[in-house]
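Fold and contact review
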Amino acid sequence: VRSASSFRPNASASGTVIGAKADALRTYLQSKTTDVEFSQTYNLVRASGEESGEEVLRMVTEIIGTEKAQELLKLFQLLCFLEDVAKNPSA
(Lines give C-alpha, C1' and ligand atoms only; values in the text may rest on other atoms or scores of the structure.)
Protein backbone atom coordinates (compact mmCIF):
# COMPACT_ATOMS: atom_id res chain seq x y z
CA VAL A 1 0.00 0.00 0.00
CA ARG A 2 1.38 3.35 -1.01
CA SER A 3 1.53 6.26 1.36
CA ALA A 4 1.07 9.10 -1.11
CA SER A 5 0.52 11.63 1.66
CA SER A 6 4.17 11.21 2.68
CA PHE A 7 5.12 12.86 -0.62
CA ARG A 8 2.89 15.90 -0.18
CA PRO A 9 4.79 18.99 0.94
CA ASN A 10 1.51 20.41 2.27
CA ALA A 11 -1.45 18.09 2.73
CA SER A 12 -3.87 21.05 2.69
CA ALA A 13 -2.83 21.70 -0.91
CA SER A 14 -5.26 18.98 -1.97
CA GLY A 15 -8.11 21.33 -1.03
CA THR A 16 -7.39 23.59 -4.01
CA VAL A 17 -8.01 23.04 -7.70
CA ILE A 18 -4.27 23.00 -8.34
CA GLY A 19 -3.79 20.72 -5.35
CA ALA A 20 -6.38 18.34 -6.79
CA LYS A 21 -4.52 18.31 -10.10
CA ALA A 22 -1.30 17.52 -8.23
CA ASP A 23 -3.05 14.68 -6.39
CA ALA A 24 -4.35 13.22 -9.66
CA LEU A 25 -0.93 13.49 -11.30
CA ARG A 26 0.75 11.90 -8.26
CA THR A 27 -1.72 8.99 -8.46
CA TYR A 28 -1.00 8.56 -12.18
CA LEU A 29 2.78 8.59 -11.63
CA GLN A 30 2.46 6.09 -8.80
CA SER A 31 0.50 3.79 -11.11
CA LYS A 32 3.35 3.90 -13.65
CA THR A 33 6.19 3.24 -11.19
CA THR A 34 7.03 1.04 -8.23
CA ASP A 35 7.06 2.55 -4.73
CA VAL A 36 10.86 2.75 -4.80
CA GLU A 37 10.98 4.23 -8.31
CA PHE A 38 8.39 6.85 -7.42
CA SER A 39 10.11 7.83 -4.18
CA GLN A 40 13.61 8.01 -5.68
CA THR A 41 12.51 9.84 -8.83
CA TYR A 42 10.31 12.30 -6.94
CA ASN A 43 13.08 13.11 -4.45
CA LEU A 44 15.66 13.47 -7.23
CA VAL A 45 13.47 15.79 -9.30
CA ARG A 46 12.49 17.79 -6.21
CA ALA A 47 16.19 18.31 -5.35
CA SER A 48 17.45 18.92 -8.90
CA GLY A 49 17.01 22.69 -9.07
CA GLU A 50 20.51 23.54 -10.27
CA GLU A 51 21.17 20.44 -12.37
CA SER A 52 21.10 20.58 -16.17
CA GLY A 53 18.17 18.93 -17.92
CA GLU A 54 20.48 16.36 -19.47
CA GLU A 55 21.95 15.44 -16.09
CA VAL A 56 18.51 15.07 -14.49
CA LEU A 57 17.37 12.88 -17.39
CA ARG A 58 20.48 10.72 -17.01
CA MET A 59 19.89 10.26 -13.27
CA VAL A 60 16.17 9.53 -13.70
CA THR A 61 17.00 7.04 -16.47
CA GLU A 62 19.21 5.16 -13.99
CA ILE A 63 16.22 4.85 -11.64
CA ILE A 64 13.30 4.08 -13.95
CA GLY A 65 14.85 3.20 -17.30
CA THR A 66 15.05 5.01 -20.63
CA GLU A 67 11.47 4.51 -21.82
CA LYS A 68 9.85 5.55 -18.54
CA ALA A 69 12.27 8.45 -18.04
CA GLN A 70 11.45 9.97 -21.41
CA GLU A 71 7.73 9.55 -20.76
CA LEU A 72 7.55 10.57 -17.09
CA LEU A 73 10.33 13.05 -16.28
CA LYS A 74 8.35 16.11 -17.39
CA LEU A 75 5.36 14.86 -15.42
CA PHE A 76 7.44 14.53 -12.24
CA GLN A 77 8.66 18.09 -12.84
CA LEU A 78 5.07 19.23 -13.34
CA LEU A 79 4.03 17.50 -10.11
CA CYS A 80 6.68 19.41 -8.16
CA PHE A 81 5.58 22.67 -9.80
CA LEU A 82 1.89 22.07 -9.04
CA GLU A 83 2.70 21.21 -5.42
CA ASP A 84 4.74 24.39 -5.07
CA VAL A 85 1.98 26.54 -6.57
CA ALA A 86 -0.67 24.89 -4.39
CA LYS A 87 1.49 25.42 -1.32
CA ASN A 88 2.16 29.10 -2.12
CA PRO A 89 -0.79 30.39 -4.18
CA SER A 90 0.21 34.03 -3.70
CA ALA A 91 3.78 33.48 -4.96
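To be clear, the structure that these remarks concern was listed above.
Here's what I pulled together on the structure shown here. Source: prediction; values computed, not measured. (Residues numbered from 1 in each chain as written. Predicted model: local features only at pLDDT ≥ 70, side-chain atom pairs only at ≥ 80, totals over all residues. Heavy atoms only, no water.)

Examined against the element boundaries, A86 turns out to sit in helix α4 (residues 66-87). In this structure A86 comes out as buried when scored by relative accessible area, which is 10%. On a C-alpha basis, the gap between A86 and K21 in space is 9.5 Å, while along the polypeptide they are 65 residues apart. (Helix = DSSP H or I, 4+ residues; strand = E, 2+ residues; numbered from the N terminus. Buried < 20%, exposed > 50% of the residue type's maximum accessible area, 1.4 Å probe, protein only.)

Another point: the pattern of salt bridges. If you walk through the whole model with that rule in mind, you get seven salt bridges. In this structure, the salt-bridge partner of K68 is E37, at a minimum N-O distance of 3.0 Å. In this pair, K68 sits in helix α4 while E37 sits in helix α2 (residues 35-46), placing the two residues 31 residues apart along the sequence. One continuous salt-bridge network, built from bridges that share partners, spans D23, R26, R46, E83 and D84. (Salt bridge = Lys/Arg side-chain N within 4 Å of Asp/Glu carboxyl O.)

Right, let's get into the packing of α2 against α4. Where α2 meets α4, the closest approach of the two axes is 10 Å, and the angle between their N-to-C directions is 60°. For the pair α2 and α4, the sense of crossing is right-handed. In this structure, α2 uses E37, F38, T41, Y42, V45 and R46 to contact α4, whose residues at the interface are K68, L73, F76, Q77, L79, C80, E83 and D84. Here the contact of α2 with α4 is composed, by residue class, of seven nonpolar, two polar and five charged. (Axes fitted to C-alpha atoms, helices over the stretch in contact; angles between N-to-C directions. Left-handed = near helix turned anticlockwise from the far one by under 90°. Contact = heavy atoms within 4.5 Å. Nonpolar A, V, L, I, M, F, W, Y, C, P; charged D, E, K, R; others polar.)

Let's shift gears to the side chain of T41. Tracing the chain through its elements places T41 in helix α2. With sequence-adjacent residues up to four places away left out, T41 is seen in contact with V60, I63, I64 and F76.

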